[in-house]
Amino acid sequence: MIQKSLKEPLSYKEHLIRPKHKVSKDKIINQWDNIKQIIAYLVLKKSNQSILIRKLTDNKFKNETKEALWAYNDILRSEYIYRYIDDEQLRKSVRKALNRTEAYHQLKRTVATVNSDKLNGKNDECLTINDACARLLCEVILYYNATILSGVLAAKEKEGRLEEVERIKKVSIIAWSHVNLHGNYTFKNRSKRFNWNQIIKKAASTDIQESSPK
């Protein structure tokens, strides 16, 4: 059942998907100016968002504006649920976004636990630095992948190989099987610069095949 509606729930008794409660429109109307101000502050970042969100989500903090904001959120959430049920493309996009998020978390866990699954650091500051370094390495891997894929995509488009272009567009940049996370890397020799063009040219010379279903 959908959480809230603008009419009485009994008005939808003939529908397959029915609301559970009625939204309090009066609360929203009476506090609309305050709601718009809160939303504007969040969008324009004119106030400390973390403090504002913490106050709004605190169960001990209750006032008419918060109740009205929650009622307005019920409308948006119900509308989104309807769209999610009805729109196949939206469902695909949501699943794709969730898969990307999970893939990134897997990458971060892999990078963070590469040292025999042991946390580096004896205090909170060291652990924070270690976590930030893991995120930085993840971003470097994503940048590396995105740069190569972008170069290969441009090369394939220039050659008019449209089928391969569409396949490349489906490739995720969140991949690390080609990265040696257990290797030793030296950054002292700066005379030998990284040649992006050479790597992209080699990658673009390979035919992009459709992956077979598992």
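Since we're looking at a predicted model, the values are computed, not measured.

Across its full length, the protein holds eight helices and two strands. Of the regular secondary structure in the protein, the N- to C-terminal order runs β-β-α-α-α-α-α-α-α-α. The buried share among the 214 residues of the protein stands at 19%. Considering only contacts within the protein whose residues lie at least 6 apart along the sequence, 57% involve residues at least 24 apart.

Time to look at the environment of Ser-150. When you line up the elements, Ser-150 lands in helix α6 (residues 124-159). Given a relative accessible area of 46%, Ser-150 falls into the partly exposed group. Sequence spacing of Ser-150 and Ile-168 is 18 residues, and the spatial spacing of their C-alpha atoms is 9.0 Å.

At their nearest, the axes of α6 and helix α8 (residues 196-204) sit 9 Å apart, and the two run at 60° to each other. Considered as vectors, α6 and α8 are oriented oblique to each other. Like other packed secondary-structure pairs, α6 and α8 cross with a definite hand, here right-handed. Each of Tyr-143, Tyr-144, Thr-147, Ile-148, Gly-151, Val-152, Ala-155 and Lys-156 in α6 lies in contact with α8, whose residues at this interface are Trp-196, Ile-199, Ile-200, Ala-203 and Ala-204. For the contact of α6 with α8, the per-class residue count stands at 10 nonpolar, two polar and one charged.

For the rest of this paragraph, the subject is helix α7 (residues 162-169). Inspection of α7 places Glu-164, Val-165 and Ile-168 among the buried residues, and these make up the whole buried set. Taken down its axis, α7 places every buried residue within 105° of arc, on the same side. When the buried face of α7 is taken as reference, the exposed residues oriented beyond 90 degrees from it are Leu-162, Glu-163 and Lys-169. On its buried face, α7 is in contact with α6.

Bringing the side chain of Lys-108 into the picture now. Within the secondary structure, Lys-108 sits in helix α5 (residues 88-112). The residues touching Lys-108, leaving out its near neighbours within four places in the chain, are Asp-131, Arg-135 and Cys-138.

In this structure, Ala-68 sits in helix α4 (residues 64-86). A residue is classified by how much of its surface remains accessible, and Ala-68, at 0% relative accessible area, is buried. Measuring from C-alpha to C-alpha, the distance between Ala-68 and Lys-27 comes to 5.0 Å, with 41 residues separating the pair along the chain. Those residues within four positions of Ala-68 in sequence are excluded, and the remaining contacts are Lys-27, Ile-28, Gln-31 and Ile-35.

Here the focus is the packing of helix α3 (residues 49-57) against α4. Where α3 contacts α4, the two axes come as close as 10 Å, and the packing angle between them is 90°. Comparing their axes, α4 and α3 come out roughly perpendicular. For the pair α3 and α4, the contacting residues are Lys-55, Leu-56 and Thr-57 in the first and Lys-66, Leu-69 and Trp-70 in the second. Of the residues assigned to the contact of α3 with α4, the class counts are three nonpolar, one polar and two charged.

Turning our eyes to something else, we now look at the environment of Arg-18. Looking at the secondary structure, you find Arg-18 in the loop between β1 (2-5) and β2 (19-22). Under the relative-accessibility criterion, Arg-18 is labelled partly exposed at 32%. Spatially, the C-alpha atoms of Arg-18 and Ser-5 are 8.7 Å apart, while their sequence positions differ by 13 residues.

What follows deals with the pattern of salt bridges. If charged atoms from side chains of opposite charge come close, those side chains can pair. Evaluated as defined, the whole model comprises 12 salt bridges. Arg-135 serves as the salt-bridge partner of Asp-131, at 2.4 Å between the closest nitrogen and oxygen. In this pair, Asp-131 and Arg-135 both sit in helix α6, four residues apart, roughly one turn of the helix. A relative accessible area of 30% means that Asp-131 is categorised as partly exposed. The partly exposed category is assigned to Arg-135, whose relative accessible area is 39%. Connected via shared salt-bridge partners are Lys-156, Glu-159, Arg-161 and Glu-164.

Rules of the game
- For every chain, the first residue of its written sequence is number 1, and the numbers climb from 1 along that sequence.
- The predicted nature of this model means local features are confined to residues of pLDDT at least 70 and side-chain atom pairs, given and counted, to a pLDDT of 80 or more, with totals for whole chains, interfaces and linings taken over all residues.
- Only hydrogens and water are set aside when side-chain values are computed; all heavy atoms of the structure are taken into account.
- Helix numbers and strand numbers start at the N terminus; a helix is a DSSP run of H or I with at least 4 residues, a strand a run of E with at least 2.
- Three labels apply to residues, based on accessible area from a 1.4 Å probe with only protein chains included: buried if under 20% of the type maximum, exposed if over 50%, partly exposed otherwise in between.
- Contacts are assigned to residue pairs with any non-hydrogen atoms lying within 4.5 Å of each other.
- Between the N-to-C directions of two axes lies an angle of 0 to 180 degrees, each axis being a line fitted to C-alpha atoms and, for a helix, fitted only over the stretch in contact.
- Throughout this description, any angle smaller than 35 degrees is read as roughly parallel, any larger than 145 degrees as roughly antiparallel, any in the 65 to 115 degree range as roughly perpendicular, and the remainder as oblique.
- In this scheme the handedness of a crossing depends on how the near helix is turned from the far one: anticlockwise by less than a right angle means left-handed, clockwise means right-handed.
- All amino acids are sorted into three groups, where Ala, Val, Leu, Ile, Met, Phe, Trp, Tyr, Cys and Pro are nonpolar, Asp, Glu, Lys and Arg are charged, and the leftover types, Gly among them, are polar.
- Note that the arc is computed from the directions linking the helix axis to the C-beta atoms.
- Throughout this description, the term salt bridge denotes a Lys or Arg side-chain nitrogen within 4 Å of a carboxyl oxygen of Asp or Glu.

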